[in-house]
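Topology and contacts: notes
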Amino acid sequence: MNESLINPFNITHPTAVQASLFALGSFARFDPSGRFVGVGRFDGVATIWDLDTKSAVRWLDGHVKAVTSLDWSRHSRYVLTSSKDWNVIVWDLASICDPPQRHATIRCDAPVSSASFHPRNSRIVLTLLNTGEVYLIDLRKAPHRGRTELFEPEGDEDEGQGQSSRRYAMTVARFDPTGKFVFVGTSGGYILVFNSRSKTMIARHRISGGSGSLKGLDFAKNGRRLVTNSSDRTLRQFIVPRYLSSGEFLEQELEPTHRFNDPINKTAWHAVSYSPDGEWLAGGAADAAMHKIYIWDISNDGQFASTLDGGREPLAHLHWHPSKSSIASTTNQGNVLIWHSPNAERWGAFAGGFEEVDENVEYEEREDEFDIEDEAEILRRKKEAEQEEVDIDTIEGESQIHEPDEVNGSVIGGDEDTRWADEDADDDVVTWKMRIVMDDDI
Amino acid sequence: MEAAPQELVLEPAPEPAPEPAPETKDPPFPAPQQKPFFKQKYILSGHTKSVASLKFSPDGSNLASCGADKLIKLWDTYTGEILHTLEGHEEGISDIAWSFNGEFLASASDDKTIRIWDLALGTEVKCMQGHTSFVFCVNYNPNSNLLVSGGFDETVRVWDVAGGKSLKVLPAHSDPVTSVDFNHDGTLIVSCAMDGLIRIWDTDSGQCLKTLVDDDNPICSNVKFSPNSRFVLVSTQDSTIRLWNYHTSRCVKTYVGHTNRTYCIFACLSNTKEKYIVSGSEDHKVYVWNLQTCQVMQALVGHRDTTLAIATHPTQDIIASAGLEKDLTIRLWFDESSA
């Protein structure tokens, strides 16, 4: 809402640190509304920070070992945390008591490396164990309920490699933005694609030229592009292929459209994140002495745009805001830096009817500018101008805020996968708002 | 919202124009066959000094009132019964605001504090200090994690509600700030003051984004955003209410007919099926305009003094109004013609 008054041309990447949250966290993730960040800590606590007040508003204390990942349901009501203590906990921020009670606990057979909600239904959870296995856990009522391992089927001749077709450990697992597919990266540098509903593998992609073990995956919001982070210290962007709904298996080598790396220091990357419009890509450098974020301009053929310097505490994680030009980057000391792109103060805004110009303009007086006019005439004209109806209800741009109808080329709502995901829906509604809990120190 | 309590005493009190028939239920104008048909339903008495502000709860079931008697009172909208009285402020209270779920109430007082009341417990849970003079106006943002306030120290302040801390102090105006409001998504703040300026601020950065000023610079009494935040409704002490498009800095509607020269009288938007502008007046009536035609549709007669505090119900055709010292009553007006 404020954007139209500030400056419509400042769609850019962040440039400066706005605030530093003393959060003791190992990573921080924005919620889909952009109002909060969820921070996971080494001591097993997850904290929810309000970005308006820059203070912690909820403590989620349930794990006994480090929190490894955190995810938000689509309207931010549910929070999922995974931990090295073999558990995944789902928290309900709408619960009336404080601290919030756990909504569900999922017990796994090994330390959990990461977990995430299905983008359309928080009752479907994807978990990656540090043993290299991926499970899709459905918490809905029967017949959905269950725990299914997503695995690469054995048996098919692996391009003549015969016996050596051993299964690689799975190192990263993510839903795509539609939730129809699960993308899994392996230690062998493969990307495996599963259908979330049928839980079968529908595609296997080798990364052209090889890449080493995959460490991270991020999608542009529209789901058409995908960026990978791998152990060869290179970020690669791919165009996501169209998968057939018929379920035919696709074996395809993927050629990256861009490769991003640091040609001088050859640093590895701790994290990678797209901007909400997909026009920028941020990479968090695994530099041992500096907090550095590299920004590439995707709309400009992936050109390197700038480096953000966040001081001496090395970077551990970063995440781009869901709608604004803002990044949350976590230092290895546990502080969360919130980056923004500041606007220059326009002093002209303090004077009514005053407009700043960038360059001097020769003023040309209008023919009738200083004519003395009949007051009655002015009044009449003013009245006339006020005849027009005003619309005080319609909110501009409201519809485009919510989920786009078309993601990845297919219309949502019509097909089987979407219907499957929407069955037995959670009660995470748009209108939900988090209660204010007063600090006790009065 | 009681205008400048100190200065107020010096003002010659407006002559109480003898009403020909003060208790007439059906005012003679305009044409009675046209909507609205607001009729007085309840008279709520309890306050012992002027009532400064009235606000309906977000669900409309309760009405909160506050005044110079340092009290906050809660009333049942549909029965007119008193539910609670909250006391704690050391001086008169100028304004109150509800949090989005009706759980808390914030009050702004001449004792320079803003207090937050937990309505389930019926107690004060926060007392926020920082203003160096009377706090005159207060409002919550839509998520109710922030408060904005304005006062006689000429600043606009943004507060962290949960922590009770001041987040920003905006040196906003050069005269007492009379009214502040957040827009529908909380990204903008509008403030107006006795210096006659209406300023729009960016909540996040605290930067001034726009200033609106009328040619004659009249003292601004009250300002609020329209439901879609495309306009601001401003009442000024030249007996005029204007609807501004702040993007183009143009006044798109002007509402006249009432009298407002001395007090910071509230102007409200009734946004039910029909859309009205409602305001108090120093001629003791309550005026109802048609939003689009700017015509006075009804003038509600009953109060015996200036009607300062006005509130419109969020979902139904109900108006609450309150009078100054010579009246002290809160009246609830219902339009039940469509029911």
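In this text, all values refer to a predicted model and were calculated from it rather than measured experimentally.

Here we take up the UniProt feature "domain: WDR5-like beta-propeller" (unreviewed entry) in chain B. Mapped onto this structure's residue numbering, the UniProt feature "domain: WDR5-like beta-propeller" (unreviewed entry) falls at residues 44-333 of chain B. Along residues 44-333 of chain B one finds 0% helix and 55% strand; the C-alpha atoms at either end are 11 Å apart.

For the rest of this paragraph, the subject is the sheet that holds strand β11 (residues 146-151) of chain B. Residues and elements named next belong to chain B. If you walk across this open sheet you meet the four strands as β10-β11-β12-β13, and the pairing is antiparallel. Here the strands that pair on one side only, and so sit at the sheet edges, are β10 (135-140) and β13 (165-170). In this sheet, adjacent strand axes meet at a mean angle of 25° when their direction is disregarded. Summarising the sheet, β10 and β11 pair through five bridges and their orientation is antiparallel. Along β11, the bridge assignment pairs C137 with G150.

Before going further, it helps to spend a moment on unusual backbone geometry. A cis geometry characterises the amide bond from A142(A) onward to P143(A), with omega recorded as 10°. Examined against the element boundaries, P143(A) turns out to sit in the loop between β12 (134-138) and β13 (146-150). Positive phi, close to 60°, is recorded for S144(B), a residue that is not glycine. Summarising the element assignment, S144(B) is placed in the loop between β10 and β11. You can call S144(B) buried: its relative accessible area is 1%. In this structure, S229(B) is a non-glycine residue whose phi angle is positive, near 65°.

The next subject is the sheet that holds strand β1 (residues 16-22) of chain A. Each strand in a sheet pairs with another by means of backbone hydrogen bonds, the pair being arranged parallel or else antiparallel. Residues and elements named next belong to chain A. If you walk across this open sheet you meet the four strands as β1-β29-β28-β27, and the pairing is antiparallel. Edge strands, defined here as strands with exactly one partner in the open sheet, are β1 and β27 (315-320). Neighbour to neighbour, the strand axes of the sheet diverge by 20° on average, direction disregarded. Here five bridges tie strand β28 (residues 326-331) to strand β29 (residues 335-340), and the two strands are oriented antiparallel to one another.

Definitions and cut-offs
Residues numbered from 1 in each chain as written. Chains lettered and ligands numbered in written order. Predicted model: local features only at pLDDT ≥ 70, side-chain atom pairs only at ≥ 80, totals over all residues. Heavy atoms only, no water. UniProt positions renumbered as here; feature names shortened; annotations may be inferred. Helix = DSSP H or I, 4+ residues; strand = E, 2+ residues; numbered from the N terminus. Pairing = 2+ DSSP bridges. Axes fitted to C-alpha atoms, helices over the stretch in contact; angles between N-to-C directions. Buried < 20%, exposed > 50% of the residue type's maximum accessible area, 1.4 Å probe, protein only.

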